[in-house]
Amino acid sequence: MRRTVYSEDHEAFRETIRDFIAAEVVPVYDEWREAGAAPRDFYKKLGELGVFGIEVPEEYGGAGESSFKFQAVITEECARAGVSFGGSSVHTALCLPYLLKYATEEQKRRWLPSFVSGDMMTAIAMTEPGTGSDLAGMKTTARLSEDGTHYVLNGAKTFITGGVQADRVLVCARTAPPTPEDRRAGISILVVDTASEGYAVGRKLEKLGLKTSDTAELSFTDVKVPVEDLLGEEGKAFGYLGQNLPQERLGIAVAAYAQAAAAIRFAQEYVRDRTVFGASVASFQNTKFVLADCKSEVDAMEAVVDRALDAHDAGELTAADAASAKLFTTERAAVVIDKCLQLHGGYGYMMEYPIARLYADTRVSRIYGGTSEVMRSIVAKSMGL
Ligand SMILES: Cc1cc2nc3c(=O)[nH]c(=O)nc-3n(C[C@H](O)[C@H](O)[C@H](O)COP(=O)(O)OP(=O)(O)OC[C@H]3O[C@@H](n4cnc5c(N)ncnc54)[C@H](O)[C@@H]3O)c2cc1C
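Computed from a predicted structure; not experimentally measured. (Residues numbered from 1 in each chain as written. Predicted model: local features only at pLDDT ≥ 70, side-chain atom pairs only at ≥ 80, totals over all residues. Heavy atoms only, no water.)

**Overview of the UniProt feature "domain: Acyl-CoA dehydrogenase/oxidase N-terminal" (unreviewed entry) in the protein**
Okay, so step 1: Under the feature "domain: Acyl-CoA dehydrogenase/oxidase N-terminal" (unreviewed entry), the UniProt entry names residues 7-119.
Okay, so step 2: A distance of 30 Å separates the end C-alpha atoms of residues 7-119, which is 67% helix and 0% strand. (UniProt positions renumbered as here; feature names shortened; annotations may be inferred. Helix = DSSP H or I, 4+ residues; strand = E, 2+ residues; numbered from the N terminus.)

**Some points on the pairing of strand S4 (residues 168-174)**
Okay, so step 1: Counting buried residues along S4, 7 of its 7 residues qualify, which places the element largely inside the surrounding structure.
Okay, so step 2: The alternating pattern of S4 places Arg 168, Leu 170, Cys 172 and Arg 174 on one face and Val 169, Val 171 and Ala 173 on the opposite face, and all of these are buried.
Okay, so step 3: As judged from the 4 bridges shared by strand S1 (residues 122-125) and S4, these two strands associate in the parallel manner. By the bridge assignment for S4, Thr 122 is matched with Arg 168.
Okay, so step 4: By the bridge criterion, 7 bridges tie S4 to strand S5 (residues 187-193) in an arrangement that is antiparallel. In the strand pairing of S5, Val 169 is matched with Val 192. (Buried < 20%, exposed > 50% of the residue type's maximum accessible area, 1.4 Å probe, protein only. Pairing = 2+ DSSP bridges.)

**Points about the site of the ligand**
Okay, so step 1: Residues in contact with the ligand amount to 16 residues; listed here are only the nearest, Thr 127, Ser 133, Phe 159, Thr 371 and Glu 373.
Okay, so step 2: Backbone polar atom of Met 126 to an oxygen atom of the ligand: 2.8 Å apart, as the coordinates give it.
Okay, so step 3: A distance of 2.8 Å is found between a nitrogen atom of the ligand and a backbone nitrogen or oxygen belonging to Phe 159.
Okay, so step 4: Considered on its own, the ligand offers 990 Å² of accessible surface; in the complex 63% of this is hidden by protein. (Near = heavy atom within 4 Å. Polar contact = N/O pair within 3.5 Å; in protein donor to acceptor, adjacent residues only side chain to side chain. Areas by Shrake-Rupley, 256 points an atom, 1.4 Å probe, with all protein chains shown as cover.)

**What to know about the UniProt feature "domain: Acyl-CoA dehydrogenase/oxidase C-terminal" (unreviewed entry) in the protein**
Okay, so step 1: With numbering aligned to this structure, UniProt lists the feature "domain: Acyl-CoA dehydrogenase/oxidase C-terminal" (unreviewed entry) at residues 239-383.
Okay, so step 2: Strand forms 3% of residues 239-383 and helix 74%; the C-alpha atoms that close the span are 21 Å apart.

**Quick notes on the packing of aromatic side chains**
Okay, so step 1: A complete count under the given rule lists 13 aromatic pairs for this structure.
Okay, so step 2: Their ring planes at 65° and their centres at 5.6 Å tell us that Phe 42 and Phe 85 sit as a pair that is edge-to-face. One end of the pair, Phe 42, is in helix H3 (residues 40-49); the other, Phe 85, is in the loop between helix H4 (69-81) and helix H5 (88-102), and 43 residues separate them in sequence. In this pair, the class of Phe 42 matches that of Phe 85, namely buried.
Okay, so step 3: Note on Tyr 347 and Tyr 353: the rings are 5.6 Å apart at their centroids and 55° apart in plane angle, and the pair reads as tilted.
Okay, so step 4: Residue Tyr 353 is classed as partly exposed on the basis of its relative accessible area of 26%.
Okay, so step 5: Connected via pairs of aromatic rings, a cluster forms that spans Phe 20, Tyr 29, Trp 32, Phe 42, Tyr 43 and Phe 85.
Okay, so step 6: Taking NZ or CZ as reference, Arg 14 lies 5.0 Å from the ring centre of Tyr 6, over its face. (Phe/Tyr/Trp six-rings, centres within 6.5 Å; stacked < 30°, edge-to-face > 60°. Lys NZ or Arg CZ within 6 Å of the ring centre and 35° of its normal.)

**Focus on the domain arrangement of the protein**
Okay, so step 1: Here the domain parsing of the protein yields domain 1 (8-117), domain 2 (122-235) and domain 3 (239-382).
Okay, so step 2: The distance between the C-alpha centroids of domain 1 and domain 3 comes to 22 Å.
Okay, so step 3: The partner domain 3 presents 22 residues to the 17 residues of domain 1 that form the contact.
Okay, so step 4: A buried area of about 1,800 Å², summed over both sides, lies between domain 1 and domain 3, and 59% of it is on carbon and sulfur atoms.
Okay, so step 5: Our count for the contact surface shared by domain 1 and domain 3 stands at 1 salt bridge.
Okay, so step 6: A salt bridge links Asp 310 to Lys 69; its shortest N-O distance comes to 2.6 Å.
Okay, so step 7: Joining domain 1 to domain 3, the criterion identifies 7 residue pairs in polar contact (both at pLDDT 80 or more).
Okay, so step 8: Within the residue set of the side of domain 1 that touches domain 3, elements represented by two or more residues are H4 and H5.
Okay, so step 9: Tallied by class, the residues present in the side of domain 1 that touches domain 3 amount to 8 nonpolar, 4 polar and 5 charged. (Domains from an automatic or database assignment. Contact = heavy atoms within 4.5 Å. Buried area = accessible area lost by both parts, 1.4 Å probe. Salt bridge = Lys/Arg side-chain N within 4 Å of Asp/Glu carboxyl O. Nonpolar A, V, L, I, M, F, W, Y, C, P; charged D, E, K, R; others polar.)

If you want it as structure tokens, here you go:
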């Protein structure tokens, strides 16, 4: 079916991104995988290309677009080529909405130009060693100093994408204890300068997949954070997270759909070339049926993703819509990618084949941004259950 979700502008942007990936990413991608991260100067290239400023207003150096679909195009093109832009999707798809919605005019002038150029990379730190799904249980504290000039930040975070390379991290911390009526109250976001005294990057964690994005532990020991770096209002962060997580989940849904579509292409190419018992693997009826099943699954994912993208651009994507889209696409993508890997035989298990990397990369999509179980809870709640 012809897709109608993208405009001519989105498609022109797709061509630019496709060419950029072919020239700047594919030739060096194996080196990034071995190094465990995309190099820092690559982010400057993304900045020069305008990727970080698409949704940033023109007065701060961006293009002033309101459509999230440009980010979706990047996600689709990376999946198509079997690569990623390192951890930079966190910078744009996760951190930027918070800065655009809650930063003051002074903060926007201070942060956004270097955000757009890639000179200031950002990450977001919600998860702690003791709590992930249940964010209200976070223990990191930010106590206001007696003279009211700064917060004193103490605690630890884990699994932070881009945590090694970030210059500023949006740290969620308790500025007040939970109240008996509301355990979500008292959480705030501080945009912490990673060069601050007492701020430390711990282990860079060894992951199953996503080898080109760094994922780190962070710790804070009496870190002084100026009050000018509080984002939005004190104590309101849980509400902010609730408003922004749907976009994060939509981004993960788009990635899952695009990775499943890529898996089919990789399998199609492979089964045409591979000969077994004197015939191409593509000639077996099983192969055709498996790939036909996969195609119909991906068609269904595409329909879900496209509706969700339209709803999001129209400002109508609810938390339950996003959770449902993420749940469906990530669970079905896992099945599709597994079937496509099977068609590769033993080569499908070798990391030099893109299907093996996809298999490993996609596993986390059912965990991060909220697990499938949490997505089910959100959908069930929206059904009055
Ligand atoms: C590669 C990677 C990158 C990440 N990047 C970031 C990042 O940049 N920033 C950040 O803040 N976090 C990040 N995370 C953290 C991620 O969001 C959490 O791992 C995720 O939310 C799950 O939390 P948890 O790991 O603490 O699991 P837990 O919450 O301990 O869950 C354990 C199990 O319990 C289940 N469970 C939990 N609650 C319920 C329930 N109510 N009902 C039924 N089952 C339940 C879960 O589904 C899961 O199966 C990242 C994680 C990974 C793996």
